[in-house]
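One-letter residues, chain by chain:
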Amino acid sequence: ENEIVGKYFGFDHVHFWVGNAVQAAAFYISRLGFAPLAYRSLENGSRDVMTQVVSNGSVVFAFSSALEPNNTIFARHLALR
């Protein structure tokens, strides 16, 4: 018989790494009807990454971008191209 290793129940959000998180979120809000849900930035203590979260019903997207040009996490991601 087939052995079931694990079950897939769904996911809570999709996370995108973008060049400008504010611009990406603004596009989804103004053109696709999403609403702002949350954000992380300098105001709440994040010094490396800014994240904008938008939702449309049960669909939740998070857009993150680096706050400094020499961010090593984003540099490694961009080097994968």
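Scoring rules and cut-offs
- Within each chain, residue numbers correspond to sequence positions counted from 1 in written order.
- Owing to the predicted nature of the model, reporting of local features is limited to residues with pLDDT of at least 70; listing and counting of side-chain atom pairs is limited to 80 or more, with chain, interface and lining totals taken over all residues.
- Calculated side-chain values reflect all of the structure's heavy atoms, with hydrogen atoms and water omitted.
- Secondary structure is summarised from DSSP: a helix means a run of H or I of at least four residues, a strand means a run of E of at least two, and numbering begins at the N terminus for each.
- Within these notes, the globule rule equals 2.2 Å times the number of residues to the 0.38 power, and the radius of gyration is based on C-alpha atoms.
- Burial status follows relative accessibility: with a 1.4 Å probe on protein chains alone, a residue under 20% of its type maximum counts as buried, one over 50% as exposed, and anything between as partly exposed.
- Definition of nonpolar core: a set of buried residues of the types Ala, Val, Leu, Ile, Met, Phe, Trp, Tyr and Cys, connected through side-chain atoms within 4.5 Å.
- Contacts are assigned to residue pairs that have any heavy atoms within 4.5 Å of one another.
- Two rings belonging to Phe, Tyr or Trp (six-membered ring only in the last case) form a pair when the distance between their centres is within 6.5 Å. Interplanar angles under 30 degrees mark stacking, angles over 60 mark edge-to-face geometry, and anything in between is tilted.
- Each polar contact in these results corresponds to two N or O atoms within 3.5 Å; when the atoms are within protein, one needs to be able to donate a hydrogen and the other to accept it, and residues that are neighboring in sequence are counted only if both atoms are side-chain atoms.

## With respect to the overall build of the chain
Then comes step 1: Within the chain, the regular secondary structure consists of 2 helices and 4 strands.
Then comes step 2: Shown N-terminal to C-terminal, the secondary structure of the chain runs as helices and strands in the order β-α-β-β-β-α.
Then comes step 3: Its C-alpha atoms give the chain a radius of gyration of 16 Å, more than 25% over the compact-globule value 12 Å for 81 residues.
Then comes step 4: Taking the principal axes of its C-alpha atoms as reference, the chain extends roughly 55 × 30 × 25 Å.
Then comes step 5: Per-residue burial over the chain gives 26% buried out of 81 residues.

## Details of the nonpolar core
Then comes step 1: Counting residues in hydrophobic clusters, the biggest one holds 8 residues: Ala21, Ala24, Ala25, Phe34, Met50, Val54, Phe61 and Phe63.
Then comes step 2: Among the elements of the structure, helix H1 (21-32), strand E3 (49-56) and strand E4 (59-66) are those that each provide at least two residues to this core.
Then comes step 3: Among the elements that make up this core, the one with the highest residue count is H1 (3 residues).
Then comes step 4: Setting aside its immediate chain neighbours within four residues, alanine 25 contacts Gln52, Val54 and Phe63.

## A closer look at the packing of aromatic side chains
Then comes step 1: The final tally for this structure, using the stated rule, is 9 aromatic pairs.
Then comes step 2: Between phenylalanine 27 and tyrosine 28 the ring centres are 5.8 Å apart and the planes differ by 80 degrees, which places this aromatic pair in the edge-to-face class.
Then comes step 3: When its relative accessible area of 42% is taken as the criterion, phenylalanine 27 is described as partly exposed.
Then comes step 4: With 5.0 Å between their ring centres and 45 degrees between their planes, tyrosine 28 and phenylalanine 63 make a pair best called tilted.

## Considering the side chain of serine 46
Then comes step 1: With respect to the secondary-structure elements, serine 46 resides in the loop between strand E2 (35-40) and E3.
Then comes step 2: With relative accessibility at 12%, the residue serine 46 sits in the buried group.
Then comes step 3: A distance of 2.5 Å separates the side chain of serine 46 from the backbone oxygen of valine 49, its partner in a polar contact.
Then comes step 4: Beyond its immediate chain neighbours, meaning those up to four positions away, serine 46 contacts Arg40, Ser41 and Leu67.

## Side note on the environment of glycine 6
Then comes step 1: Note that glycine 6 resides in the segment before strand E1 (14-17).
Then comes step 2: Spatially, the C-alpha atoms of glycine 6 and glycine 57 are 27 Å apart, while their sequence positions differ by 51 residues.

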